[in-house]
Amino acid sequence: MNQSQVMVVNTTKQRESGHKAQMSNIAAGKTVADVVRTCLGPRAMLKMLLDPMGGITLTNDGFAILRECEVAHPAAKSMIELSRTQDDEVGDGTTSVIILAGEMLAISAPFLERKIHPVIILRGFQKALEDAQVILRSIAKRVDTNDREQMLSLIKSAIGTKFVSRWNDLMCNLALTAVQTVVRRSDDSEFVSVDISAIKPAGVAAVDVESTKPVAGGDAAAATTASATDATAPATTSVSAAVAATSAVVASADAAASAAPDVDVREVDIKRFVRIEKVPGGEIEESRVLDGVMVNKDVVHPKMRRHIENPRIILLDCPLEYKKGESQTNIEITREGDWSRVLEIEEEQIKAMCEKISALKPDLVITEKGVSDLAQHYLVKNNITALRRMRKTDNNRIARATGAKIVTSVDELKEQDVGTGCGLFSIEKIGDEYFTFLTKCKEPKACTILLRGPGKDTLNEIDRNLQDAMCVARNVLFNPYLCPGGGATEMALSVQLAQRAKSDIPGVEQWPYAGVAEALEVIPRTLIQNGGGNAMRTLTELRAKHANGLTTWGVDGEKGVPVDMNEYGIWEPLAVKLQTIKTAIDSASLLLRVDDIVSGTSKKQ
């Protein structure tokens, strides 16, 4: 019987299905990877991007480039999200993850052409990912986070590929000093408990960026969350003990050892407590880390003091103005004396507020709201300096740096709310603007990086590079293990996975497993090409060295020739490498599972 055709999906919509949809996703992924391919390594090229408002972005940071790109293909949008994930999680490797994911998709195309089912390809990918994580930990080496020279050389390798590489020593010092300033360790009085909020698979210690607390990993099915919330617990409870307890379920003792770094770092919140203040003008060499806070504010009254040593500081989150009604209020006055009395009541209320503040004898009052003219008058009479309309984020930084507590009402002010940790308050003019400096803090735990430079575009790029450098330093404080850089780690994984594919992986899964090994070579190959070297000859030399167990040999990105990373000194955090490979393989697996794309837009007429 011939039945008439039944249309289920709206025929006016664009639709791709089956093999065509898979090849479309692969082509989109490769296109996105090709955009940032020239941005890898020390010889990276810059991209100049114009936004719709006419602003210019000049950068070689993978995430910054893709963030500005407008793409229509859903797979390309998914690839761009990868770099955002990488940036949020570890702050570095945003270009590598896109290139690697694009190559994973590219090597899948021949398997799909041979009618190998995507599920079999994904099974091979997942086996390769599990083995890659084991190999990564075997070639990683431990670093002493208290050794400043080691930490500086690590950060130097992270920003050696960036725009700021010509001021390498200065930027490395800025990043490391800032991170070490805001570190809170287990012996800090505020920390009396350990809370490990999530367990990640494969026994790896990672960093939860949102809470910036260390996260230990174990077998997801067997792992348990360790939490010591007993208020009587000693302040010096070590994070490593909690991580070790959680990692006890990991099958491999070696994996557990590498997952439980013997460190006592509790919090490194660079997002909230490190402020980068960009001031155009001057020379880049004038940039410095302040042992305190700097804000773009001036005093509210010209007669207030602009230079105070060891100031007593009060922080407020309330207005020093006459409190008006929540809704519109009308007052009907029939006598002239009543009008005078209303004005007197306003004055008395403001005077009472200022007297309560003056009773604590502060030198400096900072509020997030306004300060009326009358309040300024009373504060000047009591020799108190005031700053108004302070941003909430700046007020939090000042509170952490000076030891003051933010108070929501002057009626609740107490002596213990006054901050005495600041050594110097001063107002300085830089260019055409006035800046407030709260420096020489005893234990700041919050800081400001003052960046000077020739122009806004240059400063924005330096800002992005500094953020990457600080993220690298933070990752190593939580997980102090390093892998060789310059493509050496990817080459070691490629050679060892290729050997395992021949001996340990049976059946059709051997092909996608070996494909991952082949795809990992894209990082050293791109470094060689960007450095102007001979890719085929150099990769052959590297394969030979890694086959003989020399896992630290990589590529000199400047010249595109093989070099031993032990001598060359390029090392990268284990956390970044793990995240890069996980994200790349998982994203490629996700896109390969798609066999139908139905677009919400209509077909072009």
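Residues numbered from 1 in each chain as written. Predicted model: local features only at pLDDT ≥ 70, side-chain atom pairs only at ≥ 80, totals over all residues. Heavy atoms only, no water.

- With an unreviewed UniProt entry as reference, the chain is termed T-complex protein 1 subunit gamma, source organism Coemansia aciculifera.
- Its UniProt record gives the chain a comment under Function (unreviewed entry), which states: "Molecular chaperone; assists the folding of proteins upon ATP hydrolysis."
- Here the chain is described in UniProt, under the heading Sequence similarities (unreviewed entry), as follows: "Belongs to the TCP-1 chaperonin family." (UniProt positions renumbered as here; feature names shortened; annotations may be inferred.)

So, the state of the cysteines
And then number 1: Scanning the model with the defined rule gives 0 disulfides in all.
And then number 2: C441 provides the cysteine sulfur closest to C422, a residue in no disulfide bond, and the two sulfurs are 4.4 Å apart.
And then number 3: Here C422 falls in the buried class, since its relative accessible area comes to 1%. (Disulfide = S-S within 2.5 Å. Buried < 20%, exposed > 50% of the residue type's maximum accessible area, 1.4 Å probe, protein only.)

Points about the sheet that holds strand 16 (residues 364-367)
Strand pairing in a sheet relies on backbone hydrogen bonds. The paired strands run either parallel or antiparallel.
And then number 1: Pairing is parallel in the open sheet, where 4 strands are placed in the order 17-16-15-18. The outermost strands of the open sheet, each flanked by one partner alone, are strand 17 (385-387) and strand 18 (406-407).
And then number 2: Relative to strand 16, strand 15 (residues 313-316) runs parallel, the two being bridged by 4 bridges. Of the residues in strand 16, the one forming a bridge with L315 is I366.
And then number 3: Strands in contact with helix 13 (residues 392-402) are strand 15, strand 16 and strand 18; relative to strand 15, the strand with the most contacts, it is inclined by about 150 degrees. (Pairing = 2+ DSSP bridges. Helix = DSSP H or I, 4+ residues; strand = E, 2+ residues; numbered from the N terminus. Contact = heavy atoms within 4.5 Å. Axes fitted to C-alpha atoms, helices over the stretch in contact; angles between N-to-C directions.)

Considerations on the packing of aromatic side chains
And then number 1: Considering all chains together, one arrives at 0 aromatic pairs under this definition.
And then number 2: The side chain of R306 reaches across the aromatic face of Y434, ending 5.2 Å from its centre. (Phe/Tyr/Trp six-rings, centres within 6.5 Å; stacked < 30°, edge-to-face > 60°. Lys NZ or Arg CZ within 6 Å of the ring centre and 35° of its normal.)

Let's talk about the sheet that holds strand 25 (residues 571-573)
And then number 1: Strand order in the open sheet made by the 3 strands is 4-22-25, with antiparallel pairing throughout. Every interior strand has two partners, whereas the edge strands, strand 4 (141-142) and strand 25, have only one.
And then number 2: For strand 4 and strand 22 (residues 481-484), the ladder comprises 2 bridges, and the chain directions are antiparallel. Counted as the bridge partner of R142 is Y481 from strand 22.

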